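The lines below spell out each chain.
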Amino acid sequence: MQKPAQYLPLLLAVWSSPGLAQLPCGTPARIETFAGKPTTTGALPPPDDHLVDRDPFSSDANRALSTHFALKWGTELDLSEELSEQMITMLEDAYTSEVIDWGMPDPTEIDGTYFNVYLGDTGPEVPSVEGNGGYFTLDDDGYPYIVLNHEALGHLDYMEAIVIHEFFHAVQWSSGAFSTSMDQIWYWESTATWAEGRLQPDHDFFMYWLPWYAIRPTTALNHHSSRDYDGEPPDLHQYGSFIVPWFLSEHMGGDEIVLSSWRDSDASDDPVDALDLALGEQHIEDALADMAAANLNWDYDHREVFASHMNEFAETFAHRDTRYTTAIADDDDWWVHEDSAPDCYGYHYVSLPEDALSRVQAGESLAIAVSPDVPAGLPTTLSFHARLMVESGEEWTVYTIDAEEEQTWVDAPESATSLWLAVVNTTPPDELRDTPAYRFRWVALPEDEDTASPEDTAAPEDTGEPSVDDGLDEDDGPEWSSGERTEKEEGCSCSTARSSDLVWLAPLLLLVRRRA
């Protein structure tokens, strides 16, 4: 298990408030021990008029009982009655919000017993939290319990966030969904972190994790690791990926999309497929592309705080930043090498150069196309979705690039000051057969190949949102800088021998326009 000392120096280097630095959750390390286990032990239920207080660790622990929970702590902690009542209230509030209000499966009262919750490392009578913020698991008899880090008692708002997070893990277990593969674990942490923010909107603890995902968005969405990369991104990616369900909640229909993905899924289902099903007539591929567009300037209610966390983190781990990539000119196409391209359900940005911007400012239409880099006529399983974001003064306009067409005509405003392409690799991991390099263009195909015209194209969606300062100086912003990766993360990845692409960069640099 990870100890606090392994995380705190890193977290405290990023966040200046030691008491509020979040510690990772210990649940993923235990998922294999409880996933798929039944929500009953088969024991005879007790009388209907009371619950049984059972304890697999010690009968000597201190305890406080509520309607559903038994809060327990060891003899080395002097916990006041007032503080124990506050803890019990937190637990019952989490139950009310997640089970009653959200209609999620109830993980309490298994075989008529109280749900045990321990303040870890407070004496030999209780289990250790093992350096984590908390964790959920089952005891040797198959009953669920939670362990909380007692150090968080000094910051009750943070303790509440941990309670919400860990109890949502109990709810997840009770649902029986997403529990047969390590590739599903990211969604446990992603949605438990999401639950923190949805139920504790006045606090930003959950937001601290955003940069661990968004500083390296090219990483496969199903990536899960804690110390595989020495604590640098993409480690802890699974926590920051809360932004995926967060986008669905805020922009695409509310919390029910996320909640139903748990209620209506089986153990072997894929979380991305479940979200696609929950979206109904909408599709997850388009949702991810729209999210990538929103993430360029953090088009959310919490945009300022999101941008602030990203700015601070980007300075700390600039060498791991893959948000903005370099493209290589190739006739009328531009090419993105497989080592820079996103992995499955990952994304990045390309700033279109002077030629494209000049055409727009001259009143010309762009014919945008994004396609896998495979020889013409050969089949491929690769799929990419893209959005064109046009900055004009203080406003941004987002255009959908039709993935089913050879090109999409765009009539951007002549007042445009920058053009950005958000590209998402929407290839499902189990369908990946080719390396994820791709090409894009903004010049129309020859007329005999042309399948679209400006007149045939529907008006683009105008977000109407103003430009937002992401906290970066202009000289530090997203330019034609290299986002090339030197290693591939675990998850959906494709690694092949590198081309001699460095020699291609020299002519590219002559075409690069640094953003004004």
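All values reported here derive from a predicted model rather than from experimental measurement. Within each chain, residue numbers correspond to sequence positions counted from 1 in written order. With pLDDT at 70 or above as the cut-off, local features in this predicted model cover only qualifying residues; side-chain atom pairs require 80 or more to be listed or tallied, and sums for whole chains, interfaces and linings still use all residues. With hydrogens and water stripped out, all remaining heavy atoms of the structure feed into the side-chain values.

**Q** Can you help me understand the overall build of the protein in this one?
**A** Tallying secondary structure elements over the protein gives 14 helices and 15 strands in all. Within the span of the protein, comprising 516 residues, buried residues form 58% of the whole. For this analysis, residues touch if any pair of their heavy atoms sits within 4.5 Å. Contacts in the protein between residues far apart in sequence, at least 24 positions, make up 77% of those at least 6 positions apart. Numbering of helices and strands runs from the N terminus, with a helix taken as a DSSP run of H or I at least four residues long and a strand as a DSSP run of E at least two residues long. Burial here depends on accessible area, computed with a 1.4 Å probe over protein chains only, as a share of the maximum for the residue type. Under 20% is buried, over 50% is exposed, and the range in between is partly exposed.

**Q** Is there a simple way to explain the side chain of Gln172 in this structure?
**A** Turning to its location among the elements, Gln172 is positioned in helix H4 (residues 156–175). Within the local environment of Gln172, its side chain forms a polar contact with the side chain of Thr191, the two groups lying 2.9 Å apart. Look past the residues within four positions of Gln172 in its chain and what remains in contact with it is Ala177, Tyr187, Trp188, Thr191, Ala192 and Trp262. Think of a polar contact as two N or O atoms within 3.5 Å of one another; within protein, one of them needs to be a possible hydrogen donor and the other a possible acceptor, and neighboring residues in sequence only count if both atoms come from side chains.

**Q** It is not clear to me how the pattern of salt bridges should be interpreted in this structure. Could you clarify?
**A** Close approach of charged atoms allows side chains with opposite charge to pair. Take a side-chain nitrogen of Lys or Arg and a carboxyl oxygen of Asp or Glu: if they are within 4 Å of each other, that pair is a salt bridge. Evaluation of the coordinates by the stated rule reveals 18 salt bridges. Here Asp139 ties to Arg54 by a salt bridge, and the two come within 3.0 Å at their closest N and O atoms. With Asp139 in the loop between strand S4 (134–138) and strand S5 (144–149) and Arg54 in the loop between helix H2 (31–34) and strand S1 (62–65), this pair connects stretches of sequence that are 85 residues apart. Residues Asp139 and Arg54 agree in their burial class; the two are buried. Among the salt bridges present, the one from Arg320 reaches Glu232, with a minimum N-O distance of 3.9 Å. One end of the pair, Arg320, is in the loop between helix H12 (303–316) and strand S6 (328–330); the other, Glu232, is in the loop between helix H6 (210–214) and helix H7 (237–240), and 88 residues separate them in sequence. On the accessibility criterion, Arg320 (7% relative accessible area) is buried. Residues joined by salt bridges that share partners form a network here, namely Asp53, Asp55, Arg63 and Lys72.

**Q** So what exactly am I meant to see when it comes to a negative patch on the surface here?
**A** Patch definition: residues above 30% relative accessible area lacking any salt bridge, with like charges linked at up to 9 Å and the nonpolar side chains Val, Leu, Ile, Met, Phe, Trp and Tyr linked at up to 5 Å. A 1.4 Å probe and the Shrake-Rupley method give the accessible areas. Residues count as covered only by the protein chains that appear here. His is not counted, nor are the chain ends, whereas Lys and Arg count as positive and Asp and Glu as negative. For charged residues, the charge sits on one atom: NZ in Lys, CZ in Arg, CG in Asp, CD in Glu. The grouping of Asp183, Asp270, Asp273, Asp430 and Glu431 at the surface amounts to a negative patch. Within the fold, Asp183 resides in the loop between H4 and helix H5 (185–199).

**Q** Looking at this structure, how should I read helix H3 (residues 81–101)?
**A** Note: α-helices contain 3.6 residues per turn, so residues at a spacing of three or four share the same orientation. Its 21 residues give H3 an end-to-end C-alpha distance of 28 Å, which sits within 8% of 30 Å, the value for a rise of 1.5 Å per residue. For H3, the set of buried residues is Leu83, Ser84, Met87, Ile88, Met90, Leu91, Glu92, Ala94, Tyr95, Ser97, Glu98 and Val99. Close packing links the buried residues of H3 with S1, strand S2 (69–73), strand S3 (115–120), S5, H4 and H5. Following H3 by one or two positions, Gly103 adopts a phi angle in the positive range, close to 70°. Expected span of a helix: the number of residues minus one, times 1.5 Å.

**Q** I'm lost on unusual backbone geometry in this one. Help?
**A** Trans peptide bonds make up the majority, and among non-glycine residues the majority have a negative phi. The linkage connecting Pro233 with the following residue, Pro234, adopts the cis geometry, with an omega of 20°. Within the secondary structure layout, Pro234 lies in the loop between H6 and H7. At Phe178, a position not held by glycine, the phi torsion is positive, near 50°. Turning to its location among the elements, Phe178 is positioned in the loop between H4 and H5.

**Q** I tried to follow the sheet that holds S4 on my own but got confused; where do I start?
**A** Think of a sheet as strands paired side by side through backbone hydrogen bonds, with each pair either parallel or antiparallel. For two strands to be treated as a pair, DSSP must find at least two bridges joining them. A sheet is described by the order of its strands in space; here five strands give the open sequence S1-S2-S3-S5-S4, paired in mixed fashion. Since the sheet does not close on itself, it has two edges, and those belong to S1 and S4, each with one partner. Along the sheet, successive strands turn relative to each other by an average axial angle of 20°, direction set aside. Strand direction decides the pairing type here: S1 and S2, joined by four bridges, are antiparallel. Looking across to S2, one finds that Ala64 is bridged to Leu71. Against the sheet, H3 engages S1, S2, S3 and S5, with an angle of about 140° to S2. The axes are straight lines fitted to the C-alpha atoms, using for helices just the contacting stretch, and the angles between their N-to-C directions are given from 0 to 180°.

**Q** Where do I start with the confidence of the model for the protein in this structure?
**A** Note that predicted coordinates carrying low pLDDT should not be read in detail. A residue's pLDDT is the confidence the predictor assigns to it, expressed on a 0 to 100 scale. Across the protein, pLDDT averages 84, with 79% of residues at or above 70. Taken as a whole, residues 449–459 scores under 50 in pLDDT and shows 13 contacts with residues more than four places along the chain or in a different chain. Across residues 462–488 the pLDDT falls below 50, and counting only partners more than four positions away or on other chains, this stretch makes 86 contacts in the model.

**Q** I'm lost on the pairing of strand S8 (residues 347–351) in this one. Help?
**A** The buried count for S8 comes to five of five residues, which makes it a mostly enclosed element. Burial of the side chains of S8 extends over both faces: Tyr347, Tyr349 and Ser351 are buried on one face and His348 and Val350 on the other. Relative to strand S13 (residues 418–425), S8 runs antiparallel, the two being bridged by five bridges. The partner of Tyr349 across the bridge, within S13, is Ala422.

**Q** Please explain the nonpolar core as it appears in this structure.
**A** Within soluble globular proteins, side chains that are nonpolar generally end up buried alongside one another. Among the nonpolar cores identified, the biggest contains 137 residues, and Leu119, Ile243, Leu388, Leu419, Leu421 and Phe440 are the most heavily contacted of them. With sequence-adjacent residues up to four places away left out, Leu421 is seen in contact with His348, Tyr349, Val350, Leu352, Ile368, Val370, Ala386, Arg387, Leu388, Met389 and Phe440. Here, the term nonpolar core denotes a set of buried Ala, Val, Leu, Ile, Met, Phe, Trp, Tyr and Cys residues that are joined through side-chain atoms within 4.5 Å. Ranked by size, the runner-up nonpolar core spans seven residues in total, among them Ala61, Val126, Tyr145 and Val147.

**Q** Sorry if this is basic, but what is going on with the pairing of strand S10 (residues 384–392) here?
**A** For a regular strand, the rule is simple: side chains alternate between the two faces of the sheet. Across the nine residues that make up S10, a large majority, nine, are buried. Pairing of S10 with strand S11 (residues 395–401), which is carried by seven bridges, proceeds in the antiparallel orientation. The partner of Met389 across the bridge, within S11, is Val398. Two successive antiparallel strands, S10 and S11, enclose a turn made up of two residues, where Gly393 displays a positive phi of approximately 65°.

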